[in-house]
Amino acid sequence: MPIRMTGLNSGLDTESIIAALMSAQRTKQTKVENKRTKLEWKKEQWASLNTKIYNFYTNSLSKMRMASTYMTKAATSSNNSKVTAKATTAAATGSYSVVVKQVASAQKVTSGKLKGAVVKDDDGNLVKDENGKVKTEAATSKTKLKDLDGAGFEPGTQIKVAAGNKTVFLEVGDDTTISDFVGKLNDAGLTASFDEKQQRFFISSSKSGADNKFTITSATMDQNQQDATKALKDLIGYDSLSAANKNTADSIMAGLQTGKSVDDVIEKLTTLANDYSDKEAKRKATELYTAEAKASVLDGFDDEVRKSLKQEDSYTVTDDDRIKYLKDKGFKLDTSDGKTQADALKEAKDKYADKEAAKLIKKDDYKTKIENALSNGLSQSDIDAVKTNIANSGVTLDPDTDYTFDNRMDRTLEVNKNIDAAAKEYSAKMNGFLSGDDAGDGKALAALGLEKVNGTEHKEDTTNGTGMAVIAAADTQIEYNGATLTSDTTNITVAGLELNILSKTADNEVINISVTNDSSGVYDTIKEFVSEYNALLKEMNTFYNAGSANDYDVLSDEEKDAMSESEVEKWEGKIKDSLLRRDSTLGAIVSSFKNNMMGTYTSSDGKKYALSSIGIMTSKDYKEGGLLHILGDEDDSEYADKKNVLKSMLDENPDAVVGVLTSLTETLYSDLQKKMSATKMSSALTFYNDKEMSSQLSDYKDEISKWQSRLDEMEDKYYKQFSAMETALANLQSQQNSLASMLGGGN
């Protein structure tokens with residue numbers, strides 16, 4: 001907004017005058033803004049009410065039109081401590097016998113207590129006490145399996161965990177830990193943990209039932225099997241894989257071991273192998289050219305020092321110059337442990353060169369070199385050329401690394417051929433290894449406090465065994481009216497009855513389940529519906545019959561500032577409460593509610609029934625606006641002392657109750673369905689004209705924008721007019737001053 005200097009010559013308060021002129025003009029814009037605000041409030045109010053009507057339509061009203069809603073049954077058990085029962089509408093009334101033979105259980109394994117882990121010194125040697133006995137300490141999740149006291153993990157030891165249709169294998173290596181073992185158990189779908197305080201493993205199946213048993217077995221691969229496993233893992237770079245890709249590789253190898261054909265998994269194995277081949281090639285190329293980049297940094301080091309000193313090429317760089325340069329770059333000399341300054345300087349230069357080389361290798365020149373190498377391969381002549389480039393710098397290549405590799409196409413062909421051969425060899429050697437629930441020798445499990453776990457019951461035995469205890473997986477088994485039924489959970493559903501089995505019955509004990517019609521449940525359902533109907537109708541009546549707020553208009557910002565928050569809220573609340581007053585759309589919905597619920601229904605006995613026939617009536621007080629009351633209901637203070645006709649009808653003539661309520665609610669349901677169908681003015685599932693309101697709001701926005709442009713032009717016009725007046729006055733004053741000067745000069 002421009003800064004305007006006004007009233008300098010006229011002495012008029014131009015700002016105030018223009019503000020007063022504009023205030024009158026802004027009134028028209030304000031009226032449009034107020035209309036928009038009221039429409040926004042009205043749309044918000046309708047959106048909230050629409051949600052409530054729609055929820056009533058889809059839930060309570062929809063349920064009440066279904067005859068099944070009124071077929072509530074009650075089930076009782078003669079012994080709730082052993083069997084509880086719940087009846088659905090499909091259950092037939094009567095009495096049923098239940099004998100519980102067995103209750104479903106999940107398989108649970110508690111390992112024996114671990115003997116601990118052997119203690120080793122920093123060099124990996126066993127630490128012994130004064131009597132020559134190896135010291136032990138409590139095992140932790142990080143303890144390596146080979147360090148467990150009594151460990152029998154020979155090279156090639158494999159542990160198999162089979163649970164349902166999931167089988168995983170753990171090959172125990174030098175670095176395999178307790179945590180790795182627990183992880184494999186969980187990968188198999190079990191729930192497993194190692195309790196460091198108890199020094200035991202706790203393992204269980206995630207589901208109950210005989211089909212959810214699991215097994216844990218172990219054995220040692222022979223040398224041929226170990227070689228085949230190593231060859232395949234080396235080709236896919238197993239040790240360098242991410243955790244996710246390791247799981248993929250484990251799953252593939254487990255499949256080959258348990259009967260999958262090589263053709264089923266060769267594509268995934270080939271992908272892993274080619275990815276590893278590319279990574280290895282990139283590693284070699286990057287390492288090679290990083291050495292070259294480091295050499296170039298070292299070769300040009302003194303030039304960089306001269307440049308920092310702003311010296312000519314003829315200047316001889318000293319060690320002091322080099323030390324200062326390195327210190328300025330953040331590399332201090334380390335002369336501890338008897339290092340000479342020369343050694344410390346060389347070490348600092350190396351660190352500096354490593355850092356700079358890491359930067360260079362990321363630049364386009366070296367990126368191109370590496371990419372070309374990956375595409376075309378690295379030959380021995382390429383390696384020799386780099387060696388020549390770095391010969392005078394003191395940088396050397398790892399003598400144990402063969403930096404050569406073929407071009408990408410040849411590498412891929414070679415990898416594909418090798419992986420196919422390795423996978424076939426692995427499958428031939430490993431297929432069937434540790435197959436069966438009782439396979440292997442299980443010797444390696446002893447250090448884990450486990451023996452072979454084959455799904456059978458196992459009592460804790462610390463005399464001849466590890467102390468492992470196993471609870472076998474089992475199905476629930478009952479006799480229902482003499483027929484044997486089973487389930488893998490403690491719940492059994494039969495003929496509309498939901499039985500929850502808690503414990504076995506005693507010998508000759510029979511539990512009786514009785515199913516009866518539950519009129520009290522139906523009564524509660526009807527009562528809940530009436531309550532929801534009344535709450536919604538009452539809210540709609542309040543909106544429709546609200547008082548007028550013609551004397552209230554939307555407050556301006558200045559008016560709000562002059563009022564307290566509570567006063568503003570009360571003022572705006574008065575307007576909002578009246579927005580749906582005598583709204584034709586709302587009036588139609590209210591009429592639909594009242595009229596449809598006042599209808600009649602002709603029963604199969606030829607009689608006509610209405611809500612009043614089953615003890616549901618409207619109040620004589622017209623101010624209630626058609627709210628429903630259940631005569632004799634204890635929670636209705638107005639009619640609690642009346643006879644409860646609805647309860648009597650549910651016991652004596654339930655068909656009439658069902659007929660009336662399903663008929664009337666179906667009619668109301670259909671009517672509401674029509675009212676919320678999509679039109680040009682409203683969206684689907686919407687009871688009000690949301691599209692029309694959105695269009696009006698858009699029109700108001702455009703109109704307000706046009707008014708703002710018009711007012712801005714008008715205000716500029718006023719300022720220009722007053723500015724012209726000020727200019728004219730200035731000229732007049734100048735002329736007067738000149739004239740006065742001339743007259744004064746004549747005297």
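Right above here is the structure, for reference.
The structure reproduced in this document is the subject of the present report.

Cut-off values and rules
- Residues numbered from 1 in each chain as written.
- Predicted model: local features only at pLDDT ≥ 70, side-chain atom pairs only at ≥ 80, totals over all residues.
- Heavy atoms only, no water.
- Patch = residues over 30% accessible without salt bridge, like charges linked within 9 Å, V, L, I, M, F, W, Y side chains within 5 Å.
- Areas by Shrake-Rupley, 256 points an atom, 1.4 Å probe, with all protein chains shown as cover.
- Salt bridge = Lys/Arg side-chain N within 4 Å of Asp/Glu carboxyl O.
- Lys, Arg positive; Asp, Glu negative; His and termini not counted.
- Charge placed at Lys NZ, Arg CZ, Asp CG, Glu CD.
- Helix = DSSP H or I, 4+ residues; strand = E, 2+ residues; numbered from the N terminus.
- Buried < 20%, exposed > 50% of the residue type's maximum accessible area, 1.4 Å probe, protein only.
- Core = buried A, V, L, I, M, F, W, Y, C linked by side-chain atoms within 4.5 Å.
- Contact = heavy atoms within 4.5 Å.
- Axes fitted to C-alpha atoms, helices over the stretch in contact; angles between N-to-C directions.
- Parallel < 35°, antiparallel > 145°, perpendicular 65-115°, else oblique.
- Left-handed = near helix turned anticlockwise from the far one by under 90°.
- Phe/Tyr/Trp six-rings, centres within 6.5 Å; stacked < 30°, edge-to-face > 60°.
- Expected span 1.5 Å × (residues − 1).
- Polar contact = N/O pair within 3.5 Å; in protein donor to acceptor, adjacent residues only side chain to side chain.

### Quick look at a positive patch on the surface
Judged by side-chain charge, Lys28, Lys31, Lys35, Lys706 and Arg710 come together as a positively charged surface patch. Secondary structure elements with two or more residues in the positive patch: helix H1 (14-64) and helix H18 (690-746). The greatest single-element share of the positive patch, amounting to 3 residues, is contributed by H1.

### Considering the pattern of salt bridges
Per the counting criterion, the structure on display carries 35 salt bridges. The residue Lys324 makes a salt bridge to Asp328 at a minimum N-O spacing of 3.1 Å. Within this pair, Lys324 and its partner Asp328 are both found in helix H7 (residues 319-328), separated by 4 residues, close to a single helical turn. Comparing Lys324 with Asp328 shows no difference in burial state: the two are exposed. Two residues, Glu371 and Arg408, come together in a salt bridge whose shortest N-O distance is 3.8 Å. Placement of the pair is Glu371 in helix H9 (residues 364-376) and Arg408 in helix H11 (residues 408-430), with a sequence separation of 37 residues. Three or more residues joined by partner-sharing salt bridges are found here, namely Lys294, Lys346, Asp350 and Asp354.

### Focus: the nonpolar core
Counting residues in each nonpolar core, the largest one holds 49 residues, and the members touching the most others are Leu49, Ile526, Met540, Phe593, Leu611 and Ile614. Broken down by element, the residue count for this core peaks at 10 residues, all from helix H12 (residues 519-544). Not counting the four nearest positions on each side in its chain, Met540 is found in contact with Leu49, Ile53, Leu586, Ile589, Val590 and Phe593. Counting residues in hydrophobic clusters, the runner-up holds 36 residues, among them Ala291, Leu333, Val386 and Leu397.

### As for the packing of H7 against helix H8 (residues 341-360)
At their nearest, the axes of H7 and H8 sit 11 Å apart, and the two run at 45° to each other. Judged by the angle between their axes, H7 and H8 are oblique. Classified by chirality, the crossing of H8 by H7 is left-handed. Facing Asp319, Arg322, Ile323, Tyr325 and Leu326 of H7, the residues of H8 in contact are Gln341, Leu345, Ala348, Lys349 and Tyr352.

### Points about a negative patch on the surface
On the surface, Asp557, Glu558, Glu559 and Asp561 cluster together to form a negatively charged patch. Among the secondary structure elements, Glu559 is positioned in helix H13 (residues 557-561).

### Topic: the packing of aromatic side chains
Summed over all chains, the structure comprises 17 aromatic pairs. Geometrically, the ring pair formed by Phe331 and Tyr352 is edge-to-face, given 5.9 Å between the ring centres and 90° between the ring planes. Taken together, the residues span a long stretch of sequence, with Phe331 in the loop between H7 and H8 and Tyr352 in helix H8 at a distance of 21 residues. The two residues Phe331 and Tyr352 agree in class, both being buried. Here a set of aromatic residues connected by ring pairs shows up, and it is made of Phe56, Phe529, Tyr533 and Phe593.

### Points about H8
Helix length check: H8 (20 residues) gives 28 Å between terminal C-alpha atoms against 28 Å at 1.5 Å per residue, within 8%. Considered for burial, the residues of H8 that qualify are Ala344, Leu345, Ala348, Tyr352, Ala353 and Ala357. In this structure, the buried side of H8 is in contact with helix H5 (262-299), helix H6 (301-309) and H7.

### Here we look at the side chain of Asn541
If you trace the backbone, Asn541 turns up in helix H12. From its side chain, Asn541 meets the backbone oxygen of Gly625 in a polar contact 3.1 Å long. Apart from residues no more than four positions distant in its own chain, Asn541 is found in contact with Val590, Lys594, Glu624 and Gly625.

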